[in-house]
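Here is how the chains run, residue by residue.
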Amino acid sequence: MTNNDTNDAMTKQTLLITGGAGFIGSHVVRLLVYKYPDYRIVNLDALTYAGNLENLRDVEHAPNYVFERADITSPDEIKALFEKYRPDGVIHLAAESHVDRSIANPLAFVETNVMGTVNLLNAARNIWKDDAGGKRFYHVSTDEVYGSLGEEGLFTEETRYDPRSPYSASKAASDHFVRAYFHTYDLPVVLSNCSNNYGPNHFPEKLIPLIINNIKQDKPLPVYGDGKYTRDWLWVKDHASAIDTIFHKGRTGETYNIGGNNEWKNIDLVEKLCDIMDELLGKPAGASRRLITFVKDRPGHDRRYAIDASKLKTELGWEPSIKAEAGFRETAQWYLDNDAWLQHVVSGAYQQYYNQQYQTTGNK
Ligand code: NAD
Ligand code: TYD
């Protein structure tokens, strides 16, 4: 899988992407590999349950792409790779990313999201200590650090941090460390906080792919609590393009919020997915809605997230490209067309997770 034949002479810039085998990371890697043939793109990923090189089949032989299996929680591995590649830029996406898993095992989130990020910051600081000119450490974060909104209002870059799950607390801590390295050591950083993503290659523990997968299998569709929790959904390829824009044009030391302008209550979203799937599968209207099952709520469940992304639009000219309905339909179609991908990821380990997480499932 590793492609170490990259010709250094033709390489203008080396970018190290962490978590490039995951959902968002794989879209970022693909975009960069195709858009910047003269960059060397190094994908550093530990291949946890969420990392999947099948996401990158089409780029694995590209001459400007290299894969390195490594764990960001290992200072030695990270230091060695930074010395080997001496990246000009880092785009850091590797993380434990699922709120429900963070409730079951918070420490893993502290280790990967906090310790892992600090290891990367130290490694970048070490190789850029003599000359940080033109260098950039981009930390990819989440809107969940801002906490929970009521019916009104939007998160801006000025919103006070108020993380309420172990996942969001670990991401908030990592954001603070990134800013601390900017202020204390002049490390050239930039950050973004993004809303919920959806699209191809999304691991089916998250709401949208889980619902699509369960409809395919005629299984209950678990909706937490009253189903009126609200998320702002962004097409994953739009997130990748925002990351490209911010990496190249964002101001050092700044934070940019990224959102889809696309708020949905969970129950409305699940019903929409049911209707799209009925149509694509040729089922009678309303067939999949009958699978909807309200289940026990997530502890500490944040009521609403919504993003004000006007800074990104005004300063850097970025806006989401795709409308919700088209994006949901394309996503559902992708899961129908890529059954082999889905079958590979819903392996034994996934079944175990699923049985544990949804053991309380029952009709309301
Ligand atoms: P994901 O869980 O799909 O992928 C995470 C990737 O990180 C995997 O490839 C995994 O193998 C890798 N990884 C995990 N631990 C590692 C370690 N110790 N060392 C090296 N690699 C490791 O996550 P995602 O949904 O693609 O999220 C990517 C980033 O974007 C995360 O930082 C997340 O907080 C952030 N984010 C995600 C969303 C979303 O909706 N998914 C929204 C906003 C921000
Ligand atoms: P999720 O995709 O886990 O993203 P996040 O928690 O990071 O926002 O969940 C999105 C929303 O869907 C959230 O309000 C929790 C809810 N949800 C369900 O109702 N049922 C489920 O089975 C899952 C996984 C999530």
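So, a few notes on the structure that sits alongside this text. (Residues numbered from 1 in each chain as written. Chains lettered and ligands numbered in written order. Predicted model: local features only at pLDDT ≥ 70, side-chain atom pairs only at ≥ 80, totals over all residues. Heavy atoms only, no water.)

Before going further, it helps to spend a moment on the sheet that holds strand β11 (residues 263-265). If you trace the 3 strands from one edge of the open sheet to the other, you get β7-β9-β11, paired in mixed fashion. Each edge of the open sheet is held by one strand with a lone partner, namely β7 (196-198) and β11. Geometrically, the sheet is characterised by an average inter-axis angle of 50 degrees between neighbouring strands, direction not taken into account. Where β7 meets strand β9 (residues 230-235), 3 bridges bridge the pair, whose relative direction is parallel. Looking at the pairing, Tyr198 lines up with Trp235 of β9. (Pairing = 2+ DSSP bridges. Helix = DSSP H or I, 4+ residues; strand = E, 2+ residues; numbered from the N terminus. Axes fitted to C-alpha atoms, helices over the stretch in contact; angles between N-to-C directions.)

Attention shifts here to the environment of Lys228. Residue position: Lys228 is located in the loop between β8 (221-224) and β9. For the pair Lys228 and Phe82, spaced 146 residues apart in the sequence, the C-alpha separation amounts to 45 Å. For Lys228, the contacting residues outside a window of four places in its chain are Lys265 and Arg303. (Contact = heavy atoms within 4.5 Å.)

Below, the discussion takes up the pattern of salt bridges. This structure, assessed with the given rule, holds 22 salt bridges. Taking the shortest distance from any N to any O, the salt bridge between Asp226 and Arg303 comes out at 2.8 Å. Placement of Asp226 in the loop between β8 and β9 and of Arg303 in the loop between β12 (292-295) and α9 (310-316) is noted, with a sequence separation of 77 residues between them. Residue Arg303 is classed as partly exposed on the basis of its relative accessible area of 29%. Lys311 is the salt-bridge partner of Glu254, the closest N and O atoms lying 2.6 Å from each other. Of this pair, Glu254 sits in the loop between α7 (236-249) and β10 (255-258) while Lys311 sits in helix α9; the two residues are 57 residues apart in sequence, bridging distant segments of the chain. It is possible to trace a salt-bridge network through shared partners that takes in Arg251, Glu254, Lys311 and Glu315. (Salt bridge = Lys/Arg side-chain N within 4 Å of Asp/Glu carboxyl O. Buried < 20%, exposed > 50% of the residue type's maximum accessible area, 1.4 Å probe, protein only.)

A few words now on unusual backbone geometry. For Asp186, which is not a glycine, the phi torsion comes out positive at approximately 60 degrees. Positive phi is not limited to glycine here, since Asn201 has a value of about 70 degrees.

Closest axis-to-axis distance for the helix α2 (residues 75-85)/helix α4 (residues 106-127) pair is 9 Å, and the angle between their directions is 35 degrees. Here the hand of the crossing between α2 and α4 comes out right-handed. For the pair formed by α2 and α4, the contact residues are Pro75, Ile78, Lys79, Phe82 and Glu83 on the first element and Asn119, Leu120, Ala123, Ala124, Asn126 and Ile127 on the second. Looking at side-chain class alone, the contact of α2 with α4 contains 7 nonpolar, 2 polar and 2 charged residues. (Left-handed = near helix turned anticlockwise from the far one by under 90°. Nonpolar A, V, L, I, M, F, W, Y, C, P; charged D, E, K, R; others polar.)

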